[in-house]
Amino acid sequence: MEAEKEKKVRVRLAPSPTGTLHIGTARVALFNYLFAKKQQGVFILRIEDTDAARSEDRFEKNIIEGLRWLGIEWDEGVISDQGQSYIGDYGPYKQSERTEIYLKYIKKLLDKDKAYYCFCSQEELKAKKEYQMSIGQPPHYDEKCKQLTAEEIEKNIAEGKRFTIRFKTPLKKIAFNDLVRGKVEFDTNLIDDFTIAKGSKENITPLFHLAVVVDDQEMEISHVIRGEDHISNTPKQILLQEALEFPRPEYAHLPLILGPDKSKLSKRHGAVAISEYQQQGYLPETMINFMAFLGWNPGGEKEIYSLASLIEEFSLDGVHKGGAIFNMQRLDFLNAFYIRKKPLMELTELCLPYLLSSGLIKKTDDIVWLSKIIQAYQERLKKLSEIPELVDFFFQEIEYDKELLRWKGMTDEDIRKTLDKTEEVLEKIEPEDFNKENLQNIIMAEAEAIGAGDRGKLLWPLRAALTGKKASAGPFEIMEILGKEKTMERIKKAKALFK
RNA sequence: GGCCUUAUCGUCUAGUGGCCCAGGACGUCGCCCUCUCACGGCGAAAACACGGGUUCGACUCCCGUUAAGGUCACCA
């Protein structure tokens with residue numbers, strides 16, 4: 001045990017580029033990262049793209065960009081989707097470029113008679129599987145090819161037949177100590193002779209279990225921290241390690257993120273890609289804080305943590321065994337919280353792309369002026385993507401809905417009078433004195449006078465005239481931002497409805 | 001179905017035998033602030049799945065039941 005502690009901590013995230021960065025994968029990445037940083041260890045990004053048919057460069061790119069956006073940096077691994085770029089001393093960190101290494105071990109297994117060629121067709125296998133299911137048996141490979149002679153094998157290969165290589169699963173009990181669940185035990189009679197490679201004479205590609213086991217060994221992975229959905233893969237991989245005489249890494253299986261129906265979070269539950277959350281205007285700090293607290297917490301009552309403070313507190317001991325339901329309301333709450341905390345100019349910069357793409361602003365617009373608008377809405381923003389609809393009235397002409405201007409039973413006459421009075425008062429203020437404080441002092445006094453206890457009589461029509469909305473920021477800061485000229489224009493236009 | 005796993009408010013969770021007729025947060029509801037919407041403040045409702053043990057004492061330990069999830073590919 002003591003010697004174990006001396007060992008350098010090396011952990012990895014091993015995504016396959018067959019889809020965008022899933023929030024579950026991102027959380028696994030975060031936990032690996034936190035664990036590594038806490039132990040002064042190494043966090044590795046390894047791309048598992050052995051499935052050439054399903055792997056795509058754009059997904060690899062999406063994964064890399066997503067991780068970077070979250071601020072989860074890796075010490076070794078793939079650093080770009082452009083060609084072969086890696087950091088670290090363990091060869092390529094992309095499985096498609098490590099075939100030679102796998103072949104060496106596959107040969108070893110074959111030579112030691114721990115694996116064999118299988119020429120069964122997929123149709124054949126599928127039919128057998130369906131039959132087994134139909135009579136209520138677990139689907140299991142029937143080991144038909146296990147007894148093939150060397151001559152038969154050679155003949156088949158020479159003929160160019162496609163094959164798989166299967167591992168001869170020995171009968172035994174496999175137990176391992178899971179760092180989050182404790183002792184987990186499997187009986188291998190439930191495991192069939194699973195495939196470790198596929199191909200033909202010309203070209204052999206390794207399959208998942210083999211590639212994982214070989215890479216974890218070659219890359220000296222000390223702890224395999226992954227999702228609970230891998231727990232049943234663990235005995236197979238341990239079997240492979242034993243056959244290859246590899247030491248066994250520590251295992252930790254994290255609980256899953258669940259949808260509202262308590263099943264594994266997937267597309268049918270809504271957005272699952274980190275990039276989608278990014279587009280919707282969630283901040284990376286929101287995602288980090290949120291993901292960290294799904295299935296883990298440091299024990300106290302503090303709930304707001306940065307990535308750095310998370311590293312301080314992190315321990316696998318605090319990881320739960322049960323899955324956690326993804327709670328959108330909490331995500332929104334956290335995002336609103338972090339938005340409120342953002343320095344104004346930073347928040348303004350973050351809002352720019354949304355404003356630009358909505359066509360409300362141009363690149364040349366005054367950023368200081370824009371920041372005033374953002375400031376007025378900072379505490380009302382839940383996600384960045386909401387900003388255009390909230391502030392569009394600053395940039396566009398308003399088409400009024402007459403009834404929107406009406407406050408609690410006021411007649412047309414009442415409204416016109418109060419707007420007249422407001423206009424008159426405002427007219428006396430110099431453009432340079434059109435600031436929030438000054439406007440508030442003057443208008444509030446007037447509102448008290450006109451409203452006789454109900455300031456809404458003046459304030460509501462004013463704000464509605466200014467914004468055309470039933471909900472908005474306060475009228476004083478809006479007038480300051482709009483300036484005197486536009487303010488007066490809008491009041492006049494609104495007033496025209498009540499002539 | 002086999003195997004593996006899990007089980008505290010609606011949700012995320014604190015709780016590691018007495019500090020708990022169970023604490024915090026989100027959400028919900030009410031009140032205050034208030035022209036509106038937010039923010040902020042105050043307050044409320046809301047949970048130990050069930051049944052057996054063990055123990056002077058169980059949310060905490062053991063067994064069972066129930067429920068839920070994961071997994072059973074020439075995907076990873």
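These numbers were taken from a predicted model, which means no experiment stands behind them. (Residues numbered from 1 in each chain as written. Chains lettered and ligands numbered in written order. Predicted model: local features only at pLDDT ≥ 70, side-chain atom pairs only at ≥ 80, totals over all residues. Heavy atoms only, no water.)

### Re the packing of helix α17 (residues 436–451) against helix α18 (residues 456–467)
Next up, step 1: The interhelical angle for the contact between α17 and α18, taken along N-to-C directions, is 125°, at an axis separation of 7 Å. In this view, α17 runs oblique relative to α18, as classed from their interaxial angle. For the pair formed by α17 and α18, the contact residues are Ile 443, Met 444, Glu 446, Ala 447, Ile 450 and Gly 451 on the first element and Lys 457, Leu 458, Leu 459 and Leu 462 on the second.
Next up, step 2: For the contact of α17 with α18, the residue count by class is seven nonpolar, one polar and two charged. (Axes fitted to C-alpha atoms, helices over the stretch in contact; angles between N-to-C directions. Helix = DSSP H or I, 4+ residues; strand = E, 2+ residues; numbered from the N terminus. Parallel < 35°, antiparallel > 145°, perpendicular 65-115°, else oblique. Contact = heavy atoms within 4.5 Å. Nonpolar A, V, L, I, M, F, W, Y, C, P; charged D, E, K, R; others polar.)

### Digging into the protein's contact with RNA strand B
Next up, step 1: By nearness alone, 64 residues border RNA strand B, and Gly 295, Asn 297, Glu 379, Arg 380 and Pro 475 come closest of all.
Next up, step 2: Restricting the count to atoms of RNA strand B within 4 Å of the protein gives a sugar and phosphate share of 74%.
Next up, step 3: One of the side-chain nitrogen or oxygen atoms of Asp 51 is found 2.9 Å away from a sugar or linking oxygen of RNA strand B.
Next up, step 4: Here a sugar or linking oxygen of RNA strand B and a side-chain polar atom of Arg 54 are 2.5 Å apart.
Next up, step 5: Within the surface near RNA strand B, the residues separate by chemical class into 21 nonpolar, 20 polar and 23 charged. (Near = heavy atom within 4 Å. Polar contact = N/O pair within 3.5 Å; in protein donor to acceptor, adjacent residues only side chain to side chain.)

### A few points about the packing of aromatic side chains
Next up, step 1: Throughout the structure, instances matching the rule amount to 20 aromatic pairs.
Next up, step 2: Relative to Phe 326, the ring of Tyr 277 has its centre 6.0 Å away and its plane inclined at 45°; by these criteria the two rings are tilted. Here Tyr 277 is found in helix α9 (residues 274–280), whereas its partner Phe 326 is found in the loop between β14 (324–325) and α12 (328–341), with 49 residues between them in sequence. For the pair formed by Tyr 277 and Phe 326, the shared burial category is buried.
Next up, step 3: Through a chain of ring-to-ring contacts, three or more aromatic side chains come together here, namely Phe 31, Phe 293, Trp 296, Tyr 305 and Phe 314. (Phe/Tyr/Trp six-rings, centres within 6.5 Å; stacked < 30°, edge-to-face > 60°. Buried < 20%, exposed > 50% of the residue type's maximum accessible area, 1.4 Å probe, protein only.)

### Some details on the pairing of strand β9 (residues 195–199)
Next up, step 1: Here strand β6 (residues 163–167) runs beside β9; their pairing, made up of four bridges, is antiparallel. Within the sheet, the bridge partner assigned to Arg 166 lies in β9 and is Thr 195.
Next up, step 2: With three bridges connecting them, β9 and strand β10 (residues 204–206) associate as antiparallel partners. Looking at the pairing, Gly 199 lines up with Ile 204 of β10.
Next up, step 3: Counting the residues that bridge the hairpin from β9 to β10 gives four residues. (Pairing = 2+ DSSP bridges.)

### Examining the environment of Ile 23
Next up, step 1: Following the sequence through the fold, Ile 23 ends up in helix α2 (residues 23–38).
Next up, step 2: Under the relative-accessibility criterion, Ile 23 is labelled buried at 0%.
Next up, step 3: Sequence-distant contacts of Ile 23, defined by excluding residues within four places in its chain, comprise Ile 257, Leu 265, Val 272, Ile 274, Met 287, Met 291 and Phe 326.

### Looking at the pattern of salt bridges
Next up, step 1: Under the criterion given, the structure shown has 43 salt bridges.
Next up, step 2: With a shortest N-O distance of 3.7 Å, Lys 484 and Glu 427 are connected by a salt bridge. Of this pair, Lys 484 sits in helix α19 (residues 475–495) while Glu 427 sits in helix α16 (residues 412–427), placing them 57 residues apart in sequence.
Next up, step 3: Lys 484 sits in the buried class, given a relative accessible area of 14%.
Next up, step 4: Among the salt bridges present, the one from Arg 455 reaches Glu 448, with a minimum N-O distance of 2.8 Å.
Next up, step 5: Each member of the salt-bridge network shares a partner with another, and the members are Glu 413, Arg 416, Lys 417, Asp 420, Glu 423, Lys 492 and Lys 495. (Salt bridge = Lys/Arg side-chain N within 4 Å of Asp/Glu carboxyl O.)

### Examining the sheet that holds strand β5 (residues 115–118)
Where strands meet in a sheet, backbone hydrogen bonds hold them as pairs that are either parallel or antiparallel.
Next up, step 1: The four strands are arranged β5-β6-β9-β10 in an open sheet whose pairing can be described as antiparallel. Here the strands that pair on one side only, and so sit at the sheet edges, are β5 and β10. When strand polarity is set aside, the average angle formed by the axes of neighbouring strands in this sheet is 25°.

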